[in-house]
Amino acid sequence: MDFISRSSGTDCMQLVSQHVKAYKPRSTIPHLSGEHAARQYTLCGVLRFDANMFLSGSFQKYKEPEKSVRVEEIDGVKLVKNLAVKMEEMFRRKAEATRRLVEAAEEAHHQHEDNPDLQYEYFNAVLINEVDEEGNNVELGGEFLLEPNDHFNNLSVNLSLSVVQVPTNMYNKDPDIVNGVYWSEALNKVFVDNFERDPTLIWQYFGSAKGFFRQYPGVKWHPDEHGVIGFDCRNRKWYIQAATSPKDVVILVDVSGSMKGLRLTIARQTVSSILDTLGDDDFFNIIAYNQEIHYVEPCLNGTLVRADRANKDHFREHLDKLFAKGIGLLGEALSEAFTILSDFNQTGRGSVCSQAIMLVTDGATEMYDDVFEKYNWPERKVRIFPYLIGRESAFADNLKWMACANKGYFSQISTLADVQENVMRYLHVMSRPKVIDHEHDTVWTEAYVDSASVSICLCVLHLFMQKNQGILLGVVGTDITLQELMKLIPKHMLGIHGYAFAITNNGYILTHPDLRPLYQEGQKRRKPNYSSVDLSEVEWEDKDDTVRVRLRVLKMHNDYYYTDIKGTPFSVGVALSRGHGKYFFRGNVSVEAGLRDLEQPDVALADEWTYCNTEEEHEHRHLTQIQAIKLFMTGRRPHLKCDRELIQEVLFDAVVTAPLEAYWTGLALNKSENSDKGVEIAFLGTRTGLSRTNLFVPADQLSNRDFLTAEDKEGVFNADHFPLWYKRAAEQVPGTFVYSIPFSTGSKIVVLASTAIQLLDDRKSPIVAAVGIQMKLEFFQRKFWTACRQCTALDGKCSISCDNEVITDINCYLIDNNGFILVTEEQSQVLITLYDYQALCKEYAGSSDSARTLSDVSLQDAASRSRGKTMMVPCDTEYPAFVSERTIKETTGNIDCDGCFRSFVIQQIPSSNLFMVVVDTKSCSAVYILDTFEHNESLKCDRLKFQKDRKKPESCHPFHPEVRGHGFLCMCPCDSLATCPLPLPQVSWDRLQQP
């Protein structure tokens, strides 16, 4: 194919200190190979911006480093260590708040004497401010002052009092509840004091072992449409995690013929409820047995897996496949379970702490003491928890003996309604060693979505106990929003593509710029696996050109630095991109000049960046960041906690960029520069989170009103990333403009064009700012087609062109470097859904994505066939991604279309990220369908078997010497501290009952 050269044409317009030029190709005729005759055409020109004027005038200060700025290399090790220290201090303050609650609760309970006749009116969270038909306050309600508070997401709260929630299935005036509520009123004073000490605290709470839940600040709870509140704090993951130590569990399920019908249904529900009590630090497996042993997941024969949500859901699906037949040989199943626990423990991969066997059966014909003697006695490291299914008790004594002989607990479950309560009882047994040790371990949970405020939180918890008796009283805790964690990140030091992330000891993400826990931003709908996204699912290694990507691709080389956060199970890391991302520059201007230019109306600072911490003092909460900066830098509020280094740099950026306001104003007044109002916004962003914007049309006439607002998460400075237009511009050759169509812009589609400003013409030079414009798509396309009509032939006419309505055997596309179409003759939008490794496999009937890839054009039939399905489950998805190679300026090729060929030519547009694609459509009549994506099951066998490295919890309390008589605590049939003599082989149940 002949090379197609270009010569620049006349300027079309000048806007935002840039020239838009129509580039016209010479009258060169390429030849499209194929079975049809070669066709001649002239490749049309495209728009491009001339960045020279952007780098003149006010921006010359950026180009004079010897006069005003100095460049420094970022020390990644020092950076991550300093960040870890800040996070450690923040976590320490939260933990101290819960310790004060523990001390107050234990003392209040110690001073209280239970009174079964106690009458006490308290503020019930559901009943407050409720009135009866006569307008009187209902019992346990009363008038409770509530006021909206922006610190609690504008919920109406009471900052002076807490409220008490009691599960619907419990009696509000049960003596245990009333006594617990009465003595725990002492916590109100501590709640308030904690909040005064640390105004960044949010919810504080006490979950009682009796079932009630005390929450501060007081807020009204609303039942569902059936009048029910299913919340029971004792069933919550945070409560269980605080009350028990990590454990390895094997669940044995009897599937012999006697388990048919309702019993098997109850058994399935029992196993599912047991799984609910397991957390990320626990490991498990499920074995079904009759005359043979059947692993519920066959590929996990002889091992255990982590009890994360994905694994538990996978096993639940297999429970439905169980069916009852044959006879039950429990002895072999017990031997298999003991062997698994022993072998797995020796590998060091499990919890290396508590161990248990959960036995779900309708009876046992013998006590199997020979099995216990071989595998478990005399140490009794494995607890046995039998669950007798059904109303019959013929073989109950053998199961009770097993529980008592192996430090366990016996429960009988007759109906589905009994399952939850009976399953939870084993937790009291598992928690007792920890309680008797009087260990007030600080427990940290993984991230979760607060349903009340739609914020991402984690909990810090302490359990506490009845003094001198080793009885668990409950768990106290407080929530920490991840936004507070992210405010500590020095984003300006991480660079454009740099970021910080934090993970749990299991490798699950607490915070990461690519973590997306909700179906859609701003909605209260959580993804089912949002709290167990592994770091490896968002940090992807480039192997053999296979890269996991999201929509647009930025291929980066990062250096990673990480360390642990002392006093917590968490670790923090930072990623710095090589090249300009490893360098930072400092400028210097007077405070007076900086503050003057910072207060200009076109200036804004990143909402989620912390220039001054206005949250730690109540008197500062009303201040904006610019107001706080001014008060701090002028000495009027010297005690404000501000980042002086960051402020100095943002003042420098404000001064350097100040002349833009006058320039943009002049362009707006010059009607000839933008007569058809095709360009709507000019914008600038700097490395310190400062932005300037200018509207060339009224705000109500903008095509995309969300752009540069909080609604546009990808287009503004956030706590964890720079704007996407800024990031993409930074990775192009200096002076090159990046064009793109934003996703989800609605019916009025726009084109963004941006370019980066580099301090020096050097790879080590930092990117100091990025500038750009937003224009209407039709304006951009009109300029494109106008340029296409310009030819250098003598008569000025084009023998063939992309917009020729007579000759229709070629298709022309203008695409970006990721294969997304900006201009095409086909105006209809082809709608598909793209997926990633945090995807949900739901196929939509439509999509609001404005951008589409070149492959979409061939996918109309495939897309239409996929509509109408509504499955929504976590899945991994795979689809092709397009990344252009900068060194390739043009290429040609053929597409095999079922026996015929289509020729195409692709050429790069100079000084842009755009490519011109021309396809010969006449040579084929067949429809070419590109296989765009395929769904992969997330939990295949190899993934289940894969055990990632993890940091084990430091606290472990499997046993305590006081929890035994001659070696064990007898927990059968009720939960008590009664002890039993050492069981010997063939000892009867009656003997075990003797004191």
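What you see is a predicted model; the values in this text were computed from it and never measured. (Residues numbered from 1 in each chain as written. Predicted model: local features only at pLDDT ≥ 70, side-chain atom pairs only at ≥ 80, totals over all residues. Heavy atoms only, no water.)

### Some words on the overall build of the protein chain
At step 1: Looking only at helices and strands, the protein chain features 23 helices and 42 strands.
At step 2: Per-residue burial over the protein chain gives 56% buried out of 995 residues.
At step 3: Contacts in the protein chain between residues at least 24 apart in sequence constitute 71% of all its contacts with a sequence separation of at least 6.
At step 4: Taken as a whole, the protein chain presents about 43100 Å² of accessible surface, with 48% of it coming from carbon and sulfur. (Helix = DSSP H or I, 4+ residues; strand = E, 2+ residues; numbered from the N terminus. Buried < 20%, exposed > 50% of the residue type's maximum accessible area, 1.4 Å probe, protein only. Contact = heavy atoms within 4.5 Å. Areas by Shrake-Rupley, 256 points an atom, 1.4 Å probe, with all protein chains shown as cover.)

### Digging into the sheet that holds strand 24 (residues 558-564)
At step 1: Strand order in the open sheet made by the 4 strands is 23-22-25-24, with antiparallel pairing throughout. Unpaired on one side and paired on the other, strand 23 (509-511) and strand 24 mark the two borders of the sheet. Sheet twist, expressed as the mean angle between neighbouring strand axes with direction ignored, is 30 degrees.
At step 2: Relative to strand 23, strand 22 (residues 499-503) runs antiparallel, the two sharing 2 bridges. Directly across from Ile 503, in strand 23, lies its bridge partner Ile 509.
At step 3: This element, helix 2 (residues 76-111), spans strand 22, strand 24 and strand 25 (571-577) of the sheet and lies at about 145 degrees to strand 25. (Pairing = 2+ DSSP bridges. Axes fitted to C-alpha atoms, helices over the stretch in contact; angles between N-to-C directions.)

### Here's the deal with the UniProt feature "coiled-coil region" (unreviewed entry) in the protein chain
At step 1: Under the feature "coiled-coil region" (unreviewed entry), the UniProt entry names residues 80-115.
At step 2: Taken end to end, residues 80-115 is 89% helix and 0% strand, and its two terminal C-alpha atoms sit 55 Å from one another. (UniProt positions renumbered as here; feature names shortened; annotations may be inferred.)

### Re the state of the cysteines
At step 1: What the rule picks out here adds up to 2 disulfides.
At step 2: Between the sulfur of Cys 612 and that of Cys 642 lies a disulfide, 2.0 Å long from S to S. Because the sign of the S-S torsion sets the handedness, a value of about 110 degrees for the bond joining Cys 612 and Cys 642 places this disulfide among the right-handed ones. Of this pair, Cys 612 sits in strand 28 (residues 612-613) while Cys 642 sits in strand 29 (residues 641-642); the two residues are 30 residues apart in sequence, bridging distant segments of the chain. (Disulfide = S-S within 2.5 Å.)

### Some points on the side chain of Ser 351
At step 1: Relative to the helices and strands, Ser 351 resides in the loop between helix 8 (330-347) and strand 15 (354-361).
At step 2: Given the relative accessible area of 5%, Ser 351 is considered buried.
At step 3: If we ignore the near neighbours within four places in the chain, the residues touching Ser 351 are Pro 246, Lys 247, Asp 248, Asp 281, Phe 283, Arg 950 and Lys 952.

### Regarding the nonpolar core
At step 1: Counting residues in each nonpolar core, the largest one holds 83 residues, and the members touching the most others are Tyr 611, Ile 629, Ile 647 and Phe 780.
At step 2: A total of 8 residues in this core trace back to one element, the largest contributor, which is helix 17 (residues 644-657).
At step 3: Counting 47 residues, the second largest nonpolar core, distinct from the first, contains Leu 101, Val 166, Val 219 and Cys 233. (Core = buried A, V, L, I, M, F, W, Y, C linked by side-chain atoms within 4.5 Å.)

### Observations concerning empty space enclosed by the protein
If a probe as big as a water molecule is rolled over the atoms, it shows which places are left empty.
At step 1: By the definition in use, this model includes 3 cavities of 30 Å³ or more.
At step 2: Taken as a whole, the largest cavity encloses approximately 120 Å³ of empty space.
At step 3: Forming the boundary of the largest cavity are 14 residues, of which Gly 495, Tyr 583, Arg 687, Pro 766 and Ile 767 lie nearest the centre.
At step 4: Residue contributions to the lining of the largest cavity peak at 3 residues, all from strand 26 (residues 583-587).
At step 5: Of the residues belonging to the lining of the largest cavity, the class tally is 9 nonpolar, 4 polar and 1 charged. (1 Å grid on protein atoms, 1.4 Å probe; cavity = no way out; pocket = protein on both sides within 12 Å on 5 of 7 lines; lining within 4 Å. Points joined across faces, edges and corners; volume = space filled by probe spheres on them. Nonpolar A, V, L, I, M, F, W, Y, C, P; charged D, E, K, R; others polar.)

### Observations regarding the environment of Asn 694
At step 1: With respect to the helices and strands, Asn 694 occurs in strand 31 (residues 690-695).
At step 2: Separated by 30 residues in sequence, Asn 694 and Trp 664 have C-alpha atoms that sit 6.6 Å apart.

### A few points about the sheet that holds strand 33 (residues 750-758)
Paired through backbone hydrogen bonds, the strands of a sheet run either parallel or antiparallel to each other.
At step 1: Strand order in the open sheet formed by 6 strands is 27-31-30-34-33-32, and the pairing between neighbours is antiparallel. Since the sheet does not close on itself, it has two edges, and those belong to strand 27 (603-605) and strand 32 (738-740), each with one partner. Going across the sheet, the axis of each strand differs from the next one's by a mean of 20 degrees, ignoring polarity.
At step 2: Its contacts with the sheet place helix 17 against strand 27, strand 30 (679-686) and strand 31, and it is angled at close to 30 degrees to strand 31.
At step 3: Along the sheet, helix 20 (residues 777-788) makes contact with strand 30, strand 32, strand 33 and strand 34 (767-776), crossing strand 34 at roughly 85 degrees.

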